[in-house]
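If you want the building blocks of each chain, they are given just below.
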Amino acid sequence: PSRPTKLTLDAPAWAMLEEIDSPLKPTINMSEFGIETWYEGNHRWLRRLTIPADAPRGEFTIPCNLFFQACNASQCLPPDQLTVSPKFIVLDKD
């Protein structure tokens, strides 16, 4: 069976994450492989992070995990995961 694509972010509790913004639309039905939707080509997901004024100052990391499975018209590769951990710095407004 296939594994749905999933993006998770482990942001600090004080950070506010908006819902994922993706213009991505399913393009192919692969029900014979147990896959209801299939996305082709390159795409980008956006998720806005808002830092409140009273957030602690300093350097932070937000681990981002993308779980995905690549398929073609005849087979699916095993599920895989990509993890990146971008760093950001919260500074005083001045």
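Computed from a predicted model, the values in this text were never measured in an experiment.

1. Some points on the side chain of N65
So, step 1. By the secondary structure assignment, N65 is in strand β7 (residues 64-68).
So, step 2. For N65, a relative accessible area of 16% corresponds to the buried category.
So, step 3. Among the polar contacts made by the side chain of N65, one reaches the side chain of Q81 at a distance of 3.1 Å.
So, step 4. The contact partners of N65, leaving out residues within four places of it in the chain, are K6, L7, T8, Q81, L82 and T83.

2. What to know about the layout of surface pockets
So, step 1. The calculated volume of the second largest pocket comes to roughly 310 Å³.
So, step 2. Where the lining of the second largest pocket is concerned, the elements lending two or more residues are β1 (6-9), β7 and β8 (80-84).
So, step 3. The residue inventory of the lining of the second largest pocket, partitioned by class, reads 11 nonpolar, no polar and 1 charged.

3. What about the nonpolar core?
Nonpolar side chains tend to gather and get buried jointly when the protein is soluble and globular.
So, step 1. Within the largest apolar cluster, 8 residues are counted, these being A11, A15, A55, F60, I62, C64, F88 and V90.
So, step 2. The residues contacting A55, other than those within four sequence positions of it, are W14 and V90.

4. Details of the environment of D92
So, step 1. Considering the arrangement of structural elements, one finds D92 in the segment after β9 (87-90).
So, step 2. Each C-alpha atom, one on D92 and one on A53, is 8.7 Å from the other, the two residues being 39 residues apart in sequence.
So, step 3. Within the local environment of D92, its side chain forms a polar contact with the side chain of R57, the two groups lying 3.0 Å apart.

5. Thoughts on the confidence of the model for the chain
So, step 1. Of the residues in the chain, 74% reach a pLDDT of 70 or more, and the chain-wide mean stands at 79.
So, step 2. Mean pLDDT in the chain bottoms out at strand β4 (residues 35-38), which sits at 58, and peaks at strand β6 (residues 58-61), which reaches 93.

6. Points about the packing of aromatic side chains
Centre-to-centre distance and the angle between the planes together describe a pair of aromatic rings.
So, step 1. Throughout the structure, instances matching the rule amount to 2 aromatic pairs.
So, step 2. Both rings, one in W14 and one in F60, keep their centres 5.0 Å apart while their planes meet at 75 degrees; by these two values the pair is edge-to-face. Of the two residues, W14 sits in the loop between β1 and β2 (16-17) while F60 sits in strand β6, which places them 46 residues apart along the sequence.
So, step 3. Judged by relative accessible area, F60 falls into the buried class, the value being 18%.
So, step 4. Taken together, the aromatic side chains of W14, F60 and F88 make up a single cluster linked through ring pairs.

Criteria and cut-off values
Residues numbered from 1 in each chain as written. Predicted model: local features only at pLDDT ≥ 70, side-chain atom pairs only at ≥ 80, totals over all residues. Heavy atoms only, no water. Helix = DSSP H or I, 4+ residues; strand = E, 2+ residues; numbered from the N terminus. Buried < 20%, exposed > 50% of the residue type's maximum accessible area, 1.4 Å probe, protein only. Polar contact = N/O pair within 3.5 Å; in protein donor to acceptor, adjacent residues only side chain to side chain. Contact = heavy atoms within 4.5 Å. 1 Å grid on protein atoms, 1.4 Å probe; cavity = no way out; pocket = protein on both sides within 12 Å on 5 of 7 lines; lining within 4 Å. Points joined across faces, edges and corners; volume = space filled by probe spheres on them. Nonpolar A, V, L, I, M, F, W, Y, C, P; charged D, E, K, R; others polar. Core = buried A, V, L, I, M, F, W, Y, C linked by side-chain atoms within 4.5 Å. pLDDT = per-residue confidence, 0-100. Phe/Tyr/Trp six-rings, centres within 6.5 Å; stacked < 30°, edge-to-face > 60°.

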